[in-house]
Amino acid sequence: MADVPSQWQREYKTAVSAGLSSLVSTFVGFPLDSVKTRMQTYKFNSFMDCVLTTKRTEGMTGFFRGIGAPMLSITIVRTLSFSIYTQCRSLYMTGFSKIMGPGYVVDPTGPVALTQEQKQHPGRNLALTLPVYALSGFTAGGFIALFSCPFEFTKLSTQIEMLMARTATASQPDSNPQSEDYRPKGTLQSFKDIIKTRGFLGLYSGFRYHFSRDALGTSIYFTVYESSKQIFRMYNPEAEQTGPVVIAISGALCGIFSWALLFPIDTMKSIVQRDILTRTPGAPLKKRSFNLFNPRMYRGLGVSVARTGLVNMTFFSVYEQLYNKL
């Protein structure tokens, strides 16, 4: 009989697998993330207009400007997020089992062992597990927002710094940027400048939007991924483990659903943070009212969905492979 892995071994595997997978998936998806941010915060005629303008004025390096912060932050964030999520899921499973009765939750961390009742009524068991996934994801996302907000704000500042420099005035944020010479500061210098001009708390500019997006988004993210895998396994109970195609599909679905539903909040966050960056420190922030039915709120949605589908398909495919091999 194979030895049951210890809690330390499980956590070690989770952290290493999540960290390495994040490096790969972040690099793969960053150019699309850069285009998404530019389209959210400035006016372009189309996706290709944004791509061609960036290529013409900044070169290929423009698509990777600001990648330093997310390569560091997303790797740490994903590692912490998966560790916190795993711990919370175990805690909530225990709590729900006491309320609903033992054995009702299928643990998706390893091979899914289904009871005869679960094989006969997979839908009921899935419905009962959804609160566990949702609450665990919300908790993980809320905690992680405290760490990730400074890096996210720095990333946005670095991604759009040349657009801000080429914009004629801060009072015309939607004007189409015109080409002019500007030497980008880079991630580290942007980080230092934010602290110098706005103080340490300036790194948490727009935090309420960031918290809402991360907590709700992570909740949807893990719920869709775990439930998708569980559905495939429940209707194919003879399979010894989840196949690579199922993992890839589940990864793509969780990213697409979470981003599509939370995209307006992400747009709000980007616009508010852009407004903060373009105003003089200490000056009153421009008051905005957001209309969820305004097409502007969904500018860049297509590229965002494509990016998150690609990133999460890559991430979970690499993650599951590493997790099973370690």
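So, here is what we can say about the structure in this document.

### A look at the environment of A260
- Positionally, A260 belongs in helix 8 (residues 244–278).
- As for A260 and V305, which are separated by 45 residues in sequence, their C-alpha atoms are 6.7 Å apart.

### Let's talk about the packing of helix 7 (residues 207–234) against helix 8
- With their axes 8 Å apart at the nearest point, helix 7 and helix 8 run at an angle of 165° to one another. In terms of orientation, helix 7 and helix 8 fall into the roughly antiparallel class. Two packed elements cross with a definite hand, and for helix 7 against helix 8 that hand is right-handed.

### A short note on the packing of helix 8 against helix 9 (residues 301–325)
- Interaxial distance between helix 8 and helix 9 falls to 7 Å at its minimum, and their mutual angle equals 145°. Between helix 8 and helix 9 lies a crossing of right-handed hand. Counted together, I247, A248, G251, A252, C254, G255, I256, W259, A260 and F263 of helix 8 and L301, S304, V305, R307, T308, G309, N312, M313, F316, S317 and E320 of helix 9 form the full contact between these two elements.

### Considering helix 2 (residues 47–58)
- Spanning twelve residues, helix 2 covers 16 Å between terminal C-alpha atoms, matching the ideal 16 Å at 1.5 Å per step.
- Buried residues of helix 2: D49, C50, V51, T53, T54 and E58, and no others.
- Backbone geometry just after helix 2 places G59 at a positive phi near 80°.

### Considering the side chain of S17
- Mapped onto the fold, S17 is located in helix 1 (residues 7–41).
- Only 2.7 Å separates the side chain of S17 from the backbone oxygen of K13, close enough to count as a polar contact.
- Those residues in contact with S17 that sit more than four places away from it in its chain are Y319, L322, Y323 and L326.

### Observations concerning the environment of F257
- Among the structural elements, F257 can be located in helix 8.
- Sequence separation of F257 and Y225 is 32 residues, and the distance between their C-alpha atoms is 9.8 Å.

### Here we look at the side chain of E152
- Residue placement: E152 occurs in helix 5 (residues 122–166).
- The class for E152 is buried, based on a relative accessible area of 15%.
- Among the polar contacts listed, one links the side chain of E152 to the side chain of R213, at a separation of 3.0 Å.
- The contact partners of E152, leaving out residues within four places of it in the chain, are H210, R213 and K269.

Calculation rules
- Residues numbered from 1 in each chain as written.
- Predicted model: local features only at pLDDT ≥ 70, side-chain atom pairs only at ≥ 80, totals over all residues.
- Heavy atoms only, no water.
- Helix = DSSP H or I, 4+ residues; strand = E, 2+ residues; numbered from the N terminus.
- Axes fitted to C-alpha atoms, helices over the stretch in contact; angles between N-to-C directions.
- Parallel < 35°, antiparallel > 145°, perpendicular 65-115°, else oblique.
- Left-handed = near helix turned anticlockwise from the far one by under 90°.
- Contact = heavy atoms within 4.5 Å.
- Expected span 1.5 Å × (residues − 1).
- Buried < 20%, exposed > 50% of the residue type's maximum accessible area, 1.4 Å probe, protein only.
- Polar contact = N/O pair within 3.5 Å; in protein donor to acceptor, adjacent residues only side chain to side chain.

Just geometry here; none of it tells us what the structure is for.
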